[in-house]
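Listed below are the residues making up each chain.
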Amino acid sequence: MVDSAEKEMDNPTFRSDTVLSDVHLHCPSKRHLMVRLNAVGQPVFLSCFKLLWSTEDLASGKHVREITTGREHQCRSGDELCDKDRSNVKKERELNSEGVEALLDDDGDLEVVRRPRSASDLQAEDLLRDIVCPVILMKGEEDVFEDEERECTCNDVVKIEHTMATPLEDVGKQVWRAAFLLADCILFKRDTFRCRTVLELGGGTGITSIVMGTVAKRVYCTDVGEDLLAMCEQNVALNKRLMESGGGEIKVKELDWLKDEFCTDPEAPYCWSEEEIADLLDHCSVIMAADVFYDDDLTDALFRTLYRITHNLRNSCTVYLALEKRLNFTLRHMDVTCEAYSHFRNTLNDLENLQDGKMKYTVKPIKLDFCQFLVYERIEQL
């Protein structure tokens, strides 16, 4: 009976309203019946996302390393070759100048020099090795990544508890690609965010705030829903070691875009104190949000919240928005469209052209030519 139940869980079925992130394309083959569930009965998974640059490197300001399509490379100029490359080049030159005789051993046997594999082969191999497989958490299980921890330092792995598939209203409990894109931007422009006070809207699992916490002074990671905020707070605790080198602090708070005020009810577990609100309004100079533009009403509510908060900030503020344009076939248009993105762009234009005499917004795209610091698939829709 147990075997059949486990086999059934290996082939999960999803309802018509289930939303599944593309980040976790490979599910683990093993399931456990006694799993950890969140407050609404969803199984909780844990994924390890390896930073391609440790927080110790970030703190010391060492030179950046970049990856191409998931493979890590050290940034180097065209004339800088590693010893192995130099050796191969030397052998090829000997072959070209002296012919096959240069590769014969003492007995006259031909010693074949194996050519280096192509970059595409190496990339394909490394992508297979770097696939992030979420592991389902059992009840009472403290850490399912002890073996992996021995292979990598504690300061180059981000641990995230999350769910695998949710209804639309719970999508914040999954990990989304635009969060990684924004995290890359933060690490690449780390000096821009150093010692700043930052607000994240729709923080979800908290992965972007955690990365920001490695360089910023204080991050207010906000979302709505006690169950989601508890998961986010757990992830902040799991990654506390990452913030230690930079001295950053992350505060998980409730911020409902459909309400005009901060939650200050002392009975609410993630409420704001008057001191925290004052600190945000007095010092915040960066606001960020990733993959929160999937519903037109929520998009409108987000921009109202942005306007309200930025209007009350003491200092000028830069807002970083990252999203994935999701194409869908609609019966209304009888074509593949991206309506959520179109509504986002129209609303953004309205905000930029707002003429109320109080604030001026300047909107510009950021080129995606910065390095990748986390292994994920960058697509043209990001």
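Our subject is the structure listed above.
Presented here is an overview of the structure given in this document. Every value quoted in this text rests on a predicted model; they were computed, and no experiment measured them. (Residues numbered from 1 in each chain as written. Predicted model: local features only at pLDDT ≥ 70, side-chain atom pairs only at ≥ 80, totals over all residues. Heavy atoms only, no water.)

**Observations regarding the pairing of strand E12 (residues 318-322)**
- Relative to E12, strand E11 (residues 284-290) is paired through 5 bridges, and the arrangement is parallel. Looking at the pairing, Val286 lines up with Thr318 of E12.
- Crossover connection from E11 via helix H12 (residues 296-312) to parallel E12: handedness right-handed. (Pairing = 2+ DSSP bridges. Helix = DSSP H or I, 4+ residues; strand = E, 2+ residues; numbered from the N terminus. Right-handed = clockwise from strand over helix to strand, strands pointing away.)

**Structural notes on helix H13 (residues 339-352)**
- Compared with the 20 Å implied by 1.5 Å per residue over 14 residues, the 20 Å span of H13 between its first and last C-alpha is a close match.
- Among all positions of H13, only Phe344, Thr347, Leu348 and Leu351 are buried. The buried residues of H13 occupy an angular sector of 105° when projected down its axis, which confines them to one face.
- Where H13 is buried, its residues meet H12 and E12. (Expected span 1.5 Å × (residues − 1). Buried < 20%, exposed > 50% of the residue type's maximum accessible area, 1.4 Å probe, protein only. Arc of directions from axis to C-beta. Contact = heavy atoms within 4.5 Å.)

**Details of the packing of aromatic side chains**
- Enumeration over the complete set of coordinates arrives at 10 aromatic pairs.
- Considering the side-chain rings of Tyr220 and Trp272, the 5.2 Å spacing of their centres and the 25° angle between planes classify their relative orientation as stacked. Within this pair, whereas Tyr220 is found in strand E9 (residues 218-223), its partner Trp272 is found in the loop between strand E10 (249-254) and helix H11 (274-283), the two being separated by 52 residues in sequence.
- A relative accessible area of 1% places Tyr220 in the buried class. (Phe/Tyr/Trp six-rings, centres within 6.5 Å; stacked < 30°, edge-to-face > 60°.)

**Description of the sheet that holds E12**
- With parallel pairing, the 5 strands of this open sheet are ordered in space as E10-E9-E8-E11-E12. Every other strand in the sheet has two partners, leaving E10 and E12 as the edge strands with one partner each. When the angles between neighbouring strand axes are averaged without regard to direction, this sheet yields 20°.
- Contacting E9 and E10, helix H9 (residues 226-238) runs over the sheet at an angle of about 175° to E10. (Axes fitted to C-alpha atoms, helices over the stretch in contact; angles between N-to-C directions.)

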